[in-house]
There are 2 protein chains.
Amino acid sequence: MDKIRELIGKTGVLDSAAMDAARVRQNRLTKPQGSLGILESLSMKVAGITGNPTPELKHRVIITMAGDHGIATEGVSAYPREVTAQMVYNFLNGGAAINVLARHVGARVVVVDMGVAEDIKVKTGIFVNKKIGYGTASISKGGAMSYEYAIRSIEAGIEVLEDELVKGLDIVGIGDMGIGNTTPSSAITAFVTGKPVEEVTGRGTGLDDTGLKRKIELVKRALAVNKPDRNDAIDILAKLGGFEIGGMAGVMLAAAAHRVPAVIDGFISGAAALIACELNPRLKDYLIASHMSVESGHQAILDYIGLTPLLDLKMRLGEGTGAALGISIVDASCKILREMATFEEAGVSDREER
Amino acid sequence: MDKIRELIGKTGVLDSAAMDAARVRQNRLTKPQGSLGILESLSMKVAGITGNPTPELKHRVIITMAGDHGIATEGVSAYPREVTAQMVYNFLNGGAAINVLARHVGARVVVVDMGVAEDIKVKTGIFVNKKIGYGTASISKGGAMSYEYAIRSIEAGIEVLEDELVKGLDIVGIGDMGIGNTTPSSAITAFVTGKPVEEVTGRGTGLDDTGLKRKIELVKRALAVNKPDRNDAIDILAKLGGFEIGGMAGVMLAAAAHRVPAVIDGFISGAAALIACELNPRLKDYLIASHMSVESGHQAILDYIGLTPLLDLKMRLGEGTGAALGISIVDASCKILREMATFEEAGVSDREER
């Protein structure tokens, strides 16, 4: 826990001098002020995060964290539980959606086993083993993991981010893989935001009406059985969470402490962001919401944290796929700020009234 | 006109066999069906346009067409008219937003002088001269151009697209530059869609309230003075249009005839799309709307044609900037379709009920 506390203590405020310099430059570029909308404000946010008035995002990384969930055997997913491990192999072989979209945006993928129910045997250079356990316990019957494991999962996420920092890291996207993991995410979302369970529990990978009803009941039971301490985010994670959810929270906390913009994906990484923002309220300034997921509950998360998503492409896959596309938009915003000519440089007349 | 008619006659329907094959493959990829939302439907549309069940968008081109407008001297823009030519030079020097975003998405830019009010003296390899005239006449006093010039502007657009086709062209983005060109675009939009002038006339590059009121009056006057023939899109273009608007309509018509996906930008290329869709109702199937512009009136255009924009980043710059970002999303959708592993290939279990 000391490691987490120390890291949070290191997290600074946004660099207002860098943001001011970025704003001044943005307003001298050859376009009407504000005409690039969100690209302009986004570039200023990245300037504030990085402390660089013209940030350059050379090293782009997507960290995809995998874990299994005890609840998955209780009929909350359209897919069998072994798919978590199978998809990890798919990631390692480069055949999954996240591999395709990461290549598309020039990002490298890091695949982390945070708690898959079986050992991952085929390993490649992009694999990191941080296994905390072989899947969580079912949250409908008790806590997902011990308090100590919750701390370790966050610490593991911090280690993963810091290892990537050494290799070069200018922006990080955060994604998940874990059959059944919308259920703990709904439980966390309902508990932290105070929204009704029905409103923040969705169909995941494709539940029918009966499955959705069962899932809602299980989320309610998880909240009733576990009664987490509202003032202790580690306890919320331990009782309702998942190993990959803790890991993602750790990645986010470490990104902020090291002034790296952290692009969150959909509902699951959103639930991790809820945990992480409870631990460090300053974290929000370092997060960028990539897209609005179709999964109900995601809106509640973004509203609660206070983030506006960049994209709305009706996606609900996870893995970091939305984060990858979001990184491309953030990168575009920074290139505009760095590479466009100013009115003076280009010899273009500015507005007449100025 | 024969050239335009012949081209429209050549435009086929979407290739349903390619779309079916794309759909079958999309549903076997290692993700829950539909979980990539718009990326999935978009890839199928591109399959239908290109006739290729796994389309590859190697050669990406953005055609930015520039022209001046007589109405620009009547106080409808926050910028002086000479900025059109100055921005063309900025494009040719690589310093404008469209240059930055085209580089970002791996597209080459083609800058076309369709009717800038002065001769462009510095020319580079990306410059194409199709000048129809030195700016249009003011539409508040009479027609923008002759009927013959309207035909020639569309034909010039066709020529530009066909020249790029020879060099390699898998997807085209279409953008504009022209101080004052939101005014003719509002006039075209009001006339074609039947929406009130107030609803489809916006602030352009940044008009104040007085300027906006004047602009609305001028659009109304343009409609009253010109009375275009509702059944003759060439007449609408001649009376209310601009040289670059005609050129962009030509690019779109030619893209469809040659089965190249055409990604439209914001309000001005939207007005060109209205003209082009009036000439060829089948065109719509070949158009992709990149983004929702802040400029009021753009929504009316997309609703009328029946297109849903991919992005909403509160942009209103033109040049093809939205189209560039849109091309990146289309490219991502095609890569998903081509490059992802299927359940069989990856040894991943599909849903249990299947």
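(A) Geometry of the interface of chain B and chain A. Every contact between the two is made by 56 residues of chain B and, on the other side, 55 residues of chain A. Considering only the side of chain B, the residues that lose the most area to chain A are B:Tyr79, B:His104 and B:Leu313, jointly responsible for 13% of the buried surface there. Where chain B touches chain A, the interface holds 2 salt bridges. Between the two partners, chain B and chain A, sit 18 residue pairs in polar contact (both at pLDDT 80 or more). For the side of chain B that touches chain A, the secondary-structure elements that each account for two or more residues are α3 (38–50), α4 (83–93), α5 (97–104), α13 (321–339) and α14 (343–346) of chain B. Top contributing element to the side of chain B that touches chain A by residue count: α13(B), with 9 residues.

(B) Expanded view of the pattern of salt bridges. All chains considered together, the criterion is met by 44 salt bridges over all chains. Between A:Asp235 and A:Lys239 there is a salt bridge, with its nearest N and O atoms 3.0 Å apart. Of this pair, A:Asp235 and A:Lys239 both sit in helix α9 (residues 233–240), 4 residues apart, which is roughly one turn of the helix. In this structure A:Lys239 comes out as partly exposed when scored by relative accessible area, which is 23%. A salt bridge links B:Glu56 to B:Arg338; its shortest N-O distance comes to 3.4 Å. In this pair, B:Glu56 is assigned in the loop between α3 and β1 (60–67) and B:Arg338 in helix α13, connecting sequence segments 282 residues apart.

(C) Expanded view of the sheet that holds strand β3 (residues 127–129) of chain A. Residues and elements named next belong to chain A. Across the sheet, which stays open at both edges, the 6 strands sit in the order β3-β2-β1-β4-β5-β6 with parallel pairing between neighbours. Only two strands of the sheet have a single partner each, and these edge strands are β3 and β6 (287–289). Strand-to-strand, the axes of this sheet are offset by a mean angle of 25°, without reference to chain direction. Examined bridge by bridge, strand β5 (residues 262–264) and β6 share 3 bridges and lie parallel to one another. Note on β6: the bridge partner recorded for Ile264 is Ala289.

(D) Representation of the packing of aromatic side chains in the model. Taken as a whole and assessed by the stated rule, the structure comprises 2 aromatic pairs over all chains. The lysine or arginine in question, A:Lys131, covers the ring of A:Tyr134, its NZ or CZ lying 4.6 Å from the ring centre.

(E) Just the pairing of strand β2 (residues 107–115) of chain B, in detail. Residues and elements named next belong to chain B. Counting buried residues along β2, 8 of its 9 residues qualify, which places the element largely inside the surrounding structure. Bridging between β1 and β2 involves 8 bridges; their strand directions are parallel. Counterpart to Val61 in the pairing with β2 is Arg108. In the sheet, β2 pairs with strand β3 (residues 127–129) via 3 bridges, with the strands oriented parallel. Each residue of the ladder has a partner; that of Val112, found in β3, is Val128.

(F) Structural view of the relation of the copies chain B and chain A. Overlaying chain B on chain A yields an RMSD of 0.0 Å, the required transformation being a rotation through 180° with an accompanying axial translation of 0.0 Å. Overall, the copies show the geometry of a two-fold rotation axis. Taking C-alpha positions as the reference, the residue of chain B nearest the rotation axis is B:Leu311, at 3.2 Å. The overlap is high: 98% of the interface residues of chain B also sit at the interface in chain A, so the same surface is used on both sides.

(G) Fine view of the layout of surface pockets. Size it by volume and the largest pocket reaches roughly 280 Å³. Every residue lining the largest pocket is counted, 15 residues in all, and those nearest its centre are A:Leu311, A:Asp312, B:Leu310, B:Leu311 and B:Asp312. Considered class by class, the residues forming the lining of the largest pocket number 9 nonpolar, 2 polar and 4 charged.

(H) Quick look at the domain arrangement of chain A. All names here are of chain A. You can read the domains of chain A as domain 1 (2–55 + 338–346) and domain 2 (60–331). Between domain 1 and domain 2, the C-alpha centre-to-centre distance is 28 Å. Each side of the interface is counted separately: domain 1 has 19 residues, and domain 2 has 27 residues. The contact between domain 1 and domain 2 buries some 2,000 Å² in all, and 68% of this surface belongs to carbon and sulfur atoms. At the boundary of domain 1 with domain 2, the tally comes to 1 salt bridge.

(I) Inspection of the pairing of strand β4 (residues 171–177) of chain A at higher detail. All names here are of chain A. With 7 of its 7 residues buried, β4 lies for the most part within the structure. Where strand β1 (residues 60–67) and β4 come together, 7 bridges link them in parallel fashion. Looking at β4, one finds that Ile62 is bridged to Gly173. Pairing geometry for β4 and β5, over 3 bridges, is parallel.

The rules we used
Think of each chain on its own: its residues are numbered from 1, step by step along the sequence as written. Just so you know, chain letters begin at A and ligand numbers begin at 1, following the order they were written in. At least 70 in pLDDT is required for a residue's local features to be given in this predicted model, at least 80 for side-chain atom pairs to be given and counted, and no such filter applies to totals for whole chains, interfaces and linings, which use all residues. Neither water nor hydrogens contribute to the side-chain values; these are computed over all heavy atoms in the structure. Should any heavy atoms of two residues lie within 4.5 Å, those residues are counted as being in contact. Buried area: the accessible area, evaluated with a 1.4 Å probe, that two parts lose upon being put together, summed over both parts. A carboxyl oxygen of Asp or Glu within 4 Å of a side-chain nitrogen of Lys or Arg is what we treat as a salt bridge. Think of a polar contact as two N or O atoms within 3.5 Å of one another; within protein, one of them needs to be a possible hydrogen donor and the other a possible acceptor, and neighboring residues in sequence only count if both atoms come from side chains. Under the DSSP-based scheme used, a helix requires at least four consecutive residues in state H or I and a strand at least two consecutive residues in state E, with every element numbered from the N terminus. The rule is simple: take the accessible area with a 1.4 Å probe, protein chains only, and divide by the maximum for that residue type; under 20% is buried, over 50% is exposed, in between is partly exposed. When DSSP finds at least two bridges between two strands, those strands are taken to pair. The convention used is that axes are lines fitted to C-alpha atoms, helices contributing only their stretch in contact, and that angles between N-to-C directions extend from 0 to 180 degrees. Note on aromatic pairs: the rings of Phe, Tyr and Trp (six-membered ring only in Trp) are paired at centre separations within 6.5 Å, and the planes decide the class, stacked below 30 degrees, edge-to-face beyond 60, tilted for the rest. For a lysine, the NZ atom is tested; for an arginine, the CZ atom; a charge sits over a ring if that atom is within 6 Å of the ring centre and within 35 degrees of the ring normal. A residue counts toward the fit only if its pLDDT is at least 70 in both copies, and the copies are then superposed by least squares on the C-alpha atoms of those residues. For cavity detection a 1 Å grid was placed over the protein atoms alone, and a set of points counts as a cavity when a 1.4 Å probe fits there but cannot get out; an open set counts as a pocket when protein lies on both sides within 12 Å along at least five of seven lines, with lining residues being those that have an atom within 4 Å of a point. Grid points are joined across faces, edges and corners, and a volume is the space filled by probe spheres set on the points. Residue polarity follows a fixed list, in which Ala, Val, Leu, Ile, Met, Phe, Trp, Tyr, Cys and Pro are nonpolar, Asp, Glu, Lys and Arg are charged, and the others, Gly among them, are polar. Domain start and end points were adopted from an automatic or database domain assignment.

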